[in-house]
Amino acid sequence: MSTDAETAPVSLPPASGAWREGDPPGRRQWITLDRPLPLEARGTLPGVRLAYETWGRLAPDASNAVLVLHALTGDSHVAGPAGPGHPTPGWWDGLVGPGRPLDTDRWFIVAPNVLGGCQGSTGPSSRRPDGRPWGGAFPHLTQRDMVAAEAQLADALGIDRWALVTGGSMGGMRALEWAVTHPERTGSLLLLATTAAASAEQIAWAGAQLHAIRSDPGWRGGDYHDAGAGEGPHAGLGIARRIAHITYRSEPELQDRFGRRPQGGEDPRRAGRYQVESYLDHHAGKLVGRFDAGSYVVLTESMNGHDAGRGRGGTAAALRRVTAPALVAGVDSDRLYPLSQQAELAAGIPHADRLRVIESPSGHDGFLTETEQVGGLVRELLGG
């Protein structure tokens, strides 16, 4: 006789984990750009809408605004609990709030969901003007395109100059582009675990992830958003996440946490898993449930193309355009964005002082996990 557990239907994930129209808005607000956005590669993107969240109150002279930019699979939900519309808690919750480094009694915090993302901003899962999902027809974006959209968000909010622009990893790429493209609008700058240009190794790791997604039969050239539950490129996105997550953590941490231990009740000699495999499976499953494979492709390609010196006379010339007081920090155990990349930024930005080092066993993810150390850098720049 079968048990209820054996006969219960398996819940299949939707084709995309993107936020969709009709889903709870959560804390999101939106702006729609009043004209098509010119793109660096070619053409324009019509009907651009950006989702964003804010904390605190904007001063009458708009002098207290802080721009927080998320990494590849982040979103606008920097602070606050998970709940309707927000599948995960705030990714920098320990930094934002009354009395915290980004003190909401003093500062007005703005966090947009990046253009090309999937949590409310225009991206591959969005509907184009004719009502169909963009899917594989969504255009190539660069970090500069994303900053151009964010500049229009700032205009709409009445913010001429940010007191601070900050971000880590891909968010750091955009923060750097803000300071290079709009030095007059960047009052201070905090760059975390990022680089002036993507390296060959970073492009190689990302390329393997892109190949995994595009090789999934559910990818359908990127046109899968109207597919049924369980019919999206979940396997490919999950493999991409597994590859990425290995690079986000450090080898000593993985060894210390998991070693060669089998997952409880499983035998690797009989198709069972090791604990570290179960850990990667867990993170893959979480991402599939809350993210869109098309956005993963678009944003990853934009990171591969990141080069602050492109068209500006090279990296050194681009960095000299930054006029803001700046702090550059890296994570001592980061094997994906090594300290040498942050050292180049600190040496090349005129007012960057020395390279700061975040001590963490967590690898690249240290810029997210070590909120006390990051908070100290924020206070140093903002004088809090």
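What counts and what doesn't
Residues numbered from 1 in each chain as written. Predicted model: local features only at pLDDT ≥ 70, side-chain atom pairs only at ≥ 80, totals over all residues. Heavy atoms only, no water. UniProt positions renumbered as here; feature names shortened; annotations may be inferred. Helix = DSSP H or I, 4+ residues; strand = E, 2+ residues; numbered from the N terminus. Buried < 20%, exposed > 50% of the residue type's maximum accessible area, 1.4 Å probe, protein only. Pairing = 2+ DSSP bridges. Right-handed = clockwise from strand over helix to strand, strands pointing away. Salt bridge = Lys/Arg side-chain N within 4 Å of Asp/Glu carboxyl O. Axes fitted to C-alpha atoms, helices over the stretch in contact; angles between N-to-C directions. Contact = heavy atoms within 4.5 Å. Phe/Tyr/Trp six-rings, centres within 6.5 Å; stacked < 30°, edge-to-face > 60°.

The protein chain has the name Homoserine O-acetyltransferase in an unreviewed UniProt entry, where Actinomadura bangladeshensis is given as its organism. The Sequence similarities (unreviewed entry) comment attached to the protein chain in UniProt states, word for word, "Belongs to the AB hydrolase superfamily. MetX family." Under the UniProt heading Catalytic activity (unreviewed entry), the note attached to the protein chain is "L-homoserine + acetyl-CoA = O-acetyl-L-homoserine + CoA".

Draft legend 1. Quick look at unusual backbone geometry. Its identity is not glycine, yet Ser 169 carries a phi of approximately 60°, on the positive side. The topology assignment puts Ser 169 in the loop between strand 7 (164-168) and helix 3 (170-181). Backbone geometry places Asp 353, a non-glycine residue, at a positive phi of 60°. With respect to the helices and strands, Asp 353 occurs in the loop between helix 10 (339-348) and strand 10 (355-358).

Draft legend 2. Summary view of the pairing of strand 9 (residues 326-331). Extensive coverage of strand 9 is indicated by the burial of six of its six residues. Burial along strand 9 is two-sided: Ala 326, Val 328 and Gly 330 and Leu 327, Ala 329 and Val 331, pointing in opposite directions, are all buried. Examined bridge by bridge, strand 8 (residues 189-192) and strand 9 share four bridges and lie parallel to one another. Considered in strand 9, the bridge of Leu 190 is made with Leu 327. Read from strand 9 through helix 10 to strand 10, the crossover connection turns out right-handed.

Draft legend 3. Spotlight on the pattern of salt bridges. Under the criterion given, the structure shown has 24 salt bridges. One salt bridge in this structure joins Asp 130 and Arg 128, with 3.9 Å as the shortest N-O distance. Here Glu 301 makes a salt bridge to Arg 214, at a shortest N to O gap of 2.6 Å. Of this pair, Glu 301 sits in helix 8 (residues 293-304) while Arg 214 is found in helix 4 (residues 200-214), placing the two residues 87 residues apart along the sequence. What makes Glu 301 partly exposed here is its relative accessible area of 25%.

Draft legend 4. Representation of the sheet that holds strand 8 within the structure. Reading across the sheet, the eight strands line up as 1-4-6-5-7-8-9-10 and stay open at both edges, with mixed pairing between neighbours. Only two strands of the sheet have a single partner each, and these edge strands are strand 1 (29-32) and strand 10. Neighbour-to-neighbour, the strand axes of this sheet turn through a mean angle of 25°, independent of strand direction. Summarising the sheet, strand 9 and strand 10 pair through four bridges and their orientation is parallel. Within the sheet, the bridge partner assigned to Val 328 lies in strand 10 and is Leu 355. Contacts from helix 2 (residues 143-157) reach strand 1, strand 4 (49-55), strand 5 (65-69) and strand 6 (108-112) within the one sheet, and its direction differs from that of strand 4 by about 55°.

Draft legend 5. Looking closely at the side chain of Ser 169. What makes Ser 169 buried here is its relative accessible area of 6%. Residues contacting Ser 169, with those up to four places away along its chain left out, are Ala 71, Leu 192, Ala 193, Thr 194, Met 303, Tyr 337, His 364 and Phe 367.

Draft legend 6. Broad picture of the packing of aromatic side chains. Applying the stated criterion across every chain yields a total of seven aromatic pairs. Considering the side-chain rings of Trp 19 and Trp 30, the 5.2 Å spacing of their centres and the 40° angle between planes classify their relative orientation as tilted. Of this pair, Trp 19 sits in the loop between helix 1 (4-7) and strand 1 while Trp 30 sits in strand 1, and the two are eleven residues apart along the sequence. With a relative accessible area of 10%, Trp 19 lands in the buried category. Taking the relative accessible area as the measure of exposure, Trp 30 reaches 25% and is therefore partly exposed. Taking the centre distance of 5.7 Å and the plane angle of 40° together, the rings of Trp 219 and Tyr 224 count as tilted.

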